Amino acid sequence: MKTVSATTLDDTDRKMLRALQKDGRMTNADLARVVNLSESACLRRLRALETEGVISRYAALINERAVGFPIAVFVTVTLSSQAESALTAFETAIATVPEVVECYLMTGASDYLLRLVCRDVDDLERIHSKELTRIPGVTRVSSSVAMRTVVKRGALPV
């Protein structure tokens, strides 16, 4: 079986990844046709991409507005300490807040950048006051509401 890493992806691997990013439900037969491989060779390559972690999972991209979350908010969080235990405690706590759809440890003035979704301004206030500011060690929370999504890609430029 071919061993794959991000630095050893060949043109066929990249073509497979581009096709799957467009249609993750594509059958192996269809994928093989797109990348001009036999079905067995295509499946071997696909399994290698999965095993090596190049493909980490398959998921449906859901329209946030369509399921009742029309507001996207970017939140910066500053902690009282950057000790490993403080970071771990925050990350464990923030992972339990379902409206937080992305969380990044950052460099710069704030420790974390969050993207969260909410139903309305009242929902944002609830998340802010009942969830974010109650996490031990949080000293500052600053929110910015996104007015419009300009670019949001579900695909990487492979």
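You'll find the structure just up there.
Residues numbered from 1 in each chain as written. Predicted model: local features only at pLDDT ≥ 70, side-chain atom pairs only at ≥ 80, totals over all residues. Heavy atoms only, no water.

Caption draft 1: View of the overall build of the chain. Assigned secondary structure in the chain consists of 5 helices and 4 strands. Along the chain direction, N to C, the helices and strands of the chain fall in the order α-α-α-β-α-β-β-α-β. Its C-alpha radius of gyration of 20 Å places the chain more than 25% over the 15 Å reference for a compact globule of 158 residues. Principal-axis analysis of the C-alpha atoms places the extent of the chain at approximately 55 × 40 × 25 Å. (Helix = DSSP H or I, 4+ residues; strand = E, 2+ residues; numbered from the N terminus. Rg over C-alpha atoms; globule rule 2.2 N^0.38 Å.)

Caption draft 2: Quick peek at the sheet that holds strand β3 (residues 112-118). Sheet architecture is open: 4 strands sit in the order β2-β3-β1-β4, paired in antiparallel fashion. Two strands lie at the open edges of the sheet, namely β2 (100-105) and β4 (138-145), each paired on one side alone. Adjacent strand axes in the sheet meet at a mean angle of 20°, parallel and antiparallel pairs treated alike. In the sheet, strand β1 (residues 71-79) pairs with β4 via 7 bridges, with the strands oriented antiparallel. Bridge assignment links T76 to a residue of β4, and that residue is S142. Contacts from helix α4 (residues 84-94) reach β1, β2, β3 and β4, with the element oriented near 10° to β3. Most of the contacts of helix α5 (residues 121-131) go to β3, to which it runs at about 140°, and overall it touches β1, β3 and β4. (Pairing = 2+ DSSP bridges. Axes fitted to C-alpha atoms, helices over the stretch in contact; angles between N-to-C directions. Contact = heavy atoms within 4.5 Å.)

Caption draft 3: View of the packing of helix α1 (residues 11-22) against helix α2 (residues 28-35). Running from N to C, α1 and α2 point in directions that differ by 130°, and their axes come no closer than 10 Å. One way to sum up the angle between α1 and α2 is to call them oblique. Note that α1 runs across α2; the crossing there is right-handed. Each of T12, K15, M16, A19 and L20 in α1 lies in contact with α2, whose residues at this interface are L31, V34 and V35. Residues belonging to the contact of α1 with α2 are distributed by class as follows: 6 nonpolar, 1 polar and 1 charged. (Parallel < 35°, antiparallel > 145°, perpendicular 65-115°, else oblique. Left-handed = near helix turned anticlockwise from the far one by under 90°. Nonpolar A, V, L, I, M, F, W, Y, C, P; charged D, E, K, R; others polar.)

Caption draft 4: Just the pairing of β2, in detail. Bridge count for β2 against β3 is 5 bridges, and the pairing is antiparallel. The residue of β3 that forms the bridge with E102 is R115. In this structure, the hairpin formed by β2 and β3 is closed by a connection of 6 residues, where G108 is found at a positive phi of approximately 100°.

Caption draft 5: The arrangement of the environment of S142 in detail. Here S142 shows up in strand β4. Setting aside residues up to four positions removed in sequence, S142 forms contacts with F74, V75 and T76.

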